[in-house]
Amino acid sequence: MTATSMAKATATGGRPPVIAICDVHKSFGENQVLKGIDLEVQAGEVVCVIGPSGSGKSTLLRCVNLLEQPTSGTVHVEGIEVTDPDVDIDAVRRRIGMVFQQFNLFPHLTVMDNLTIAQRRVLGRKKDEAERIARRNLERVGLADRGDAYPAKLSGGQQQRVAIARSLSMDPDLMLFDEPTSALDPELVGDVLAVMRGLAAEGMTMLVVTHEMSFAREVASRVVFMDGGVVVEDGHPDQVIGNPQHARTRTFLSRVLDPAAASLGEVPGAPAGSAGSAGSMQGEVAPQVGFERGPGLP
Amino acid sequence: MSTTSAPARRLTRKQRRRVSLGLQYALLVVLVLAFAFLADWGTLKENFGNTDLAREMFPDVITTAMVNTVKYTVFGFLLGLLLGLVLALMRLSQIRAYRALAGLYIEVFRGLPALIIFIFIGYGVPFAFPGWQIPGGLTGQVTLALGLVSGAYMAETVRAGLQAVPKGQTEAARSLGMSSTRAMVSIVIPQAFRIIIPPLTNELVLLLKDSSLVYVLGMTLEQQDLTKYGREITQANFNSTPLLVAGLCYLVLTVPLSYLARRLEARQAKAR
């Protein structure tokens, strides 16, 4: 697991990892959310982080661009230690695209202005240039004709694609996705995943927190399973999703991939520890009911 | 059984409601008639409806008095808004001293009568700083007095507006590499102001009425506002008509503004 990823890191040779998370802890008051996370992401890798809600996936992602300050440990992005208090975090964040579960488009600005405001105010690009880049990225996400619309006029899926285009307009070196499809109606999920698939194919470095197992299996170069604030398993998707080594991973996957079977199986003799959380888990994974590829679990 | 319940049943619920409404209407009619017969209509008409006197007030009541009232109000509002924004940002500052200072200011100026502030600006300041004058003459004095008072009220409104902008907006802005100041100026403040336009409109109405306190500061004819102007003519003619005209001029301004505020509020409620 961690050993394999370390081996991989050394195998890729000279270039430092794009993201290097080292022994990161994070507590909110008494609540310890991250309990010593080690994770590296190499250039061009797509790493999907999966795990039950409350396992610390989103917090980990937010530690990468310092939306959350880790309680201890270090995070390096492209060799720069972002957890160093002296580092210019704004300069680092320019190179890290972030896509949120709730889109977080700026509702008082048109789609075009959403895409150009940071280019102009942060990167100092001229209006023409910023709009040209914005149009190119809107085209990329299939919304070339919606530049004049306000976000409220768009569907959730369109808003999320605009949010991706907004991040891309800053020419980021890597992208963070925080459950990008979890707030979407099931029929809108596909368009957003298609855009993300395209990005992955172009070689974008991506760290994705997701519940979309089919996406993770198909697109990810690595899948990380988190539970209780630690990385339980880390490896190739066929290994982590297809042939998980840990009981916790297996329990989680059986619920996510086949909620109906999990709830049926629970009645006669489910493990006592997991019974309590099963109900909430099912509600969360409801959109994945239409999962196509059978994962071949026991 | 049927005999005892018969009288209670004589009035159905519908009938009882009719009787109650009838009595209320009857009371209204009696009161109106009493007023109509007892009032001395001749004196009332002479005192409140002197059309000659009213006609004489035009166009000065509009071109001087109303214009002055609007001018004092708008200047005071702008200063108050600026002050309110600064105080709101101080209230939300990470530095405890700023928070405390802003809190103290807001408590003090919301707790004092506006009249005291006007008297202080008009008389206290000249005594305290002999030889120094508030720039802008009377307009400067009114602007300062109204701004100081309304700033305290608007600070709380602006703060509420800033806090009503979802946290994700700042996070998205910061993720794009904006500094916290840039995120505040370009993303949070514009959205906050949209949220607080209705309460700010209400504040403008309050301020319009408070601008009448300018009367405590001595002023020339050309500087008179609606209240002062109406009062002068009323006192000179021993007649209330000018005051009534001045009052109507206030309503011409405040009623549409209040209506606008309600409309904006309703539209915002629908947009949520």
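Just so it is clear, the model here is predicted, and its values are computed rather than measured.

**Quick look at the overall build of chain B**
When helices and strands are counted, chain B shows twelve helices and zero strands. In chain B, the order of α-helices and β-strands from amino to carboxyl end is α-α-α-α-α-α-α-α-α-α-α-α. In terms of overall dimensions, chain B is more spread out than a globule: its C-alpha atoms have a radius of gyration of 27 Å, far above the 19 Å expected for 272 residues. Principal axes of the C-alpha set define a box for chain B whose edges measure 85 × 65 × 30 Å. The buried share of chain B, reckoned over its 272 residues, is 39%. Sequence-distant contacts in chain B: of pairs separated by 6 or more residues, those separated by 24 or more amount to 78%. Total accessible area on chain B stands at roughly 16,400 Å², and carbon and sulfur atoms take up 66% of it.

**Section: the side chain of S150 of chain B**
Checked against the element boundaries, S150 of chain B lands in helix α8 (residues 137–164). Setting aside chain neighbours within four positions, we find S150 of chain B in contact with G76, G80, E203 and L207 of chain B.

**Describing the UniProt feature "domain: ABC transporter" (unreviewed entry) in chain A**
UniProt records the feature "domain: ABC transporter" (unreviewed entry) for residues 19–253 of chain A in the present numbering. For residues 19–253 of chain A, the end-to-end C-alpha separation is 26 Å, with 36% helix and 26% strand making up the annotated structure.

**A closer look at the UniProt feature "transmembrane region" (unreviewed entry) in chain B**
Residue and element names in this part refer to chain B. Taking the UniProt record as the reference, the feature "transmembrane region" (unreviewed entry) is found at residues 21–39, 72–92, 104–125 and 243–262. Between the end C-alpha atoms of residues 72–92 there is a gap of 30 Å, over a span that is 95% helix and 0% strand. With 100% helix and 0% strand, the stretch residues 243–262 has end C-alpha atoms that lie 28 Å from each other.

**A word on the interface of chain A and chain B**
Contact with chain A, which involves 23 residues of that partner, is made by 17 residues of chain B. Carbon and sulfur atoms supply 60% of the area that chain A and chain B bury against each other, a total of about 1,600 Å² over both sides. Where chain A touches chain B, the interface holds two salt bridges. Measuring nitrogen to oxygen at the nearest pair gives 2.6 Å for the salt bridge that ties R62 of chain A to E171 of chain B. At the boundary of chain A with chain B, the tally comes to seven residue pairs in polar contact (both at pLDDT 80 or more). Mapped onto the side of chain A that touches chain B, the elements with two or more residues apiece are α3 (89–93), β6 (96–99), α4 (111–121) and α6 (156–168) of chain A. Along the lines of polarity and charge, the residues of the side of chain A that touches chain B split into 13 nonpolar, four polar and six charged.

**Here we look at the packing of aromatic side chains**
Residue and element names in this part refer to chain A. Taken as a whole, this structure holds four aromatic pairs over all chains when the rule is applied. An angle of 40 degrees between the planes, with centres 5.3 Å apart, marks the rings of F225 and F252 as tilted. Highlighted residues: F225 in strand β9 (residues 222–227) and F252 in helix α10 (residues 247–257), separated in sequence by 27 residues. Here the two residues F225 and F252 agree in accessibility, since each one is buried.

**Some points on a nonpolar patch on the surface**
Residue and element names in this part refer to chain B. Together, F35, W41, L44, F48, L244, L248, L251 and V255 line one region of the surface with nonpolar side chains, adding up to about 780 Å² of accessible area. At the level of elements, α3 (41–48) and α12 (241–271) are the ones that each hand at least two residues to the nonpolar patch. Among the elements that take part in the nonpolar patch, α12 stands out by supplying four residues, more than any other. With respect to the helices, strands and loops of the structure, F35 is situated in helix α2 (residues 13–38).

**Remarks on the packing of helix α5 (residues 60–91) of chain B against helix α10 (residues 180–210) of chain B**
Residue and element names in this part refer to chain B. Between α5 and α10, the shortest axis-to-axis distance is 11 Å and the interhelical angle comes to 140 degrees. Between α5 and α10, the interaxial angle falls into the category oblique. Both α5 and α10 take part in a crossing whose hand is right-handed. On α10, the residues that touch T69, T73, G76, F77, L81, L85 and L89 of α5 are M184, I189, F193, L200, L204, L207 and L208. When its residues are assigned to classes, the contact of α5 with α10 shows eleven nonpolar, three polar and no charged.

**Some details on helix α7 (residues 186–201) of chain A**
Residue and element names in this part refer to chain A. Compared with an ideal rise of 1.5 Å per residue, which puts 16 residues at 22 Å, α7 spans 23 Å between its outermost C-alpha atoms and is within 8% of the ideal. Within the span of α7, buried status applies to V189, V192, L193, V195, M196, L199 and A200. Buried residues of α7, seen end-on, are gathered within an arc of 155 degrees and therefore sit on one face of the element. Exposed and facing more than 90 degrees away from the buried side of α7 are E187 and A201.

**A few points about the sheet that holds strand β2 (residues 31–41) of chain A**
Taken together, four strands build an open sheet; the order of strands is β2-β1-β4-β5 (chain A) and the sheet is antiparallel. Strands with a single pairing partner mark the edges of an open sheet, and in this sheet they are β2 and β5 (80–81) of chain A.

**Regarding unusual backbone geometry**
Residue and element names in this part refer to chain B. With an omega dihedral of 5 degrees, the bond running from F58 to P59 counts as a cis peptide bond. Mapped onto the fold, P59 is located in the loop between α4 (51–57) and α5. Even without being glycine, F238 reaches a positive phi, approximately 50 degrees. Structurally, the position occupied by F238 is in the loop between α11 (226–237) and α12.

**Examining the pattern of salt bridges**
Residue and element names in this part refer to chain A. Summed over all chains, the structure comprises 19 salt bridges over all chains. Here D171 ties to R125 by a salt bridge, and the two come within 2.6 Å at their closest N and O atoms. Note that D171 is positioned in the loop between α6 and β7 (174–178) and R125 in the loop between α4 and α5 (127–140), a separation of 46 residues in sequence. When its relative accessible area of 15% is taken as the criterion, R125 is described as buried.

**Considerations on the packing of helix α7 (residues 114–128) of chain B against α8 of chain B**
All names here are of chain B. Contact geometry for α7 and α8: axes closest at 9 Å, N-to-C directions at 145 degrees. The interaxial crossing formed by α7 with α8 has right-handed handedness. Between α7 and α8, the contacting residues are A114, I117, F118, I121 and G122 on the first element and Q141, V142, L144, A145, L146, L148 and V149 on the second. Here the contact of α7 with α8 is built from residues that sort into ten nonpolar, two polar and no charged.

**A word on α10 of chain B**
For α10 of chain B, which comprises 31 residues, the first-to-last C-alpha distance of 37 Å sits more than 12% below the rise-based estimate of 45 Å (1.5 Å per residue). At I197 of chain B, α10 of chain B shows its maximal bend, which comes to roughly 55 degrees, and the proline P198 of chain B appears one to four places after that position.

**Examining the sheet that holds β7 of chain A**
Residues and elements named next belong to chain A. Judged by pairing direction, the sheet is mixed, and its six strands sit side by side in the order β6-β7-β8-β3-β9-β10 without closing on themselves. Each edge of the open sheet carries a strand with a single partner, namely β6 and β10 (230–235). Mean inter-strand twist for the sheet, computed between neighbouring axes without regard to direction, equals 15 degrees. In this structure, strand β3 (residues 46–50) lies alongside β9, joined through four bridges in parallel fashion. Bridged to V49 within β9 is V224. Here helix α2 (residues 57–64) sits on the sheet in contact with β3, β6, β7, β8 (205–209) and β9, set at roughly 150 degrees to β7. Taken strand by strand, α6 contacts β6 and β7, and its axis lies near 170 degrees from that of β6.

What counts and what doesn't
Here, residues in each chain are numbered from 1, in the same order as that chain's written sequence. As a convention, the first chain written is A and the first ligand written is 1, with the rest following in written order. Where totals are concerned, whole chains, interfaces and linings use all residues; where local detail is concerned, this predicted model gives features only for residues with pLDDT of at least 70, and gives and counts side-chain atom pairs only at 80 or more. With hydrogens and water set aside, each side-chain value is computed from the structure's full complement of heavy atoms. Segments assigned H or I by DSSP are reported as helices when at least four residues long, segments assigned E as strands when at least two residues long, and all are numbered from the N terminus. The globule rule is 2.2 Å times the number of residues to the power 0.38, and the radius of gyration it is compared with is taken over C-alpha atoms. For every residue, the accessible area (1.4 Å probe, protein chains only) is compared with the maximum for its type, and the residue is labelled buried under 20%, exposed over 50%, or partly exposed between those bounds. Contact criterion: two residues are considered in contact whenever any of their non-hydrogen atoms come within 4.5 Å of each other. Accessible surface is estimated by sampling points in the Shrake-Rupley manner with a 1.4 Å probe; for residues, cover comes only from the protein chains shown. UniProt positions are given in the numbering used here, feature names are shortened, and annotations may be inferred rather than shown by experiment. Summed over both partners, the accessible surface that disappears when two parts come together, traced with a 1.4 Å probe, is what is meant by buried area. In the sections that follow, a salt bridge refers to a side-chain nitrogen of Lys or Arg positioned within 4 Å of a carboxyl oxygen of Asp or Glu. Under the rule applied, a polar contact is a pair of N or O atoms within 3.5 Å (in protein, one hydrogen donor and one hydrogen acceptor; residues adjacent in sequence only if both atoms are side-chain atoms). In the scheme used here, Gly and all other residues not listed as nonpolar or charged are polar, with Ala, Val, Leu, Ile, Met, Phe, Trp, Tyr, Cys and Pro taken as nonpolar and Asp, Glu, Lys and Arg as charged. Each pair of aromatic rings taken from Phe, Tyr and Trp, with Trp reduced to its six-membered ring, is defined by centres within 6.5 Å and is described as stacked if the planes are under 30 degrees apart, edge-to-face if over 60, and tilted in the remaining cases. To count toward a patch, a residue needs a relative accessible area over 30% and no salt bridge; like charges are then connected within 9 Å, while nonpolar side chains (Val, Leu, Ile, Met, Phe, Trp, Tyr) are connected within 5 Å. Orientation is described by axes fitted as lines to C-alpha atoms, over the contacting stretch for helices, and by angles from 0 to 180 degrees between their N-to-C directions. Here roughly perpendicular refers to angles of 65 to 115 degrees, roughly parallel to angles under 35, roughly antiparallel to angles over 145, and oblique to all remaining angles. Left-handed describes a crossing whose near helix is turned anticlockwise from the far helix through less than a right angle; right-handed describes the clockwise counterpart. In this scheme, a helix's expected span is set at 1.5 Å multiplied by one less than its residue total. Note: the arc covers the axis-to-C-beta directions of the helix. A pair of strands is labelled paired if DSSP reports no fewer than 2 bridges between them. Fitting one axis to the seven residues ending at a residue and another to the seven starting there, the bend at that residue is the angle between the two axes.

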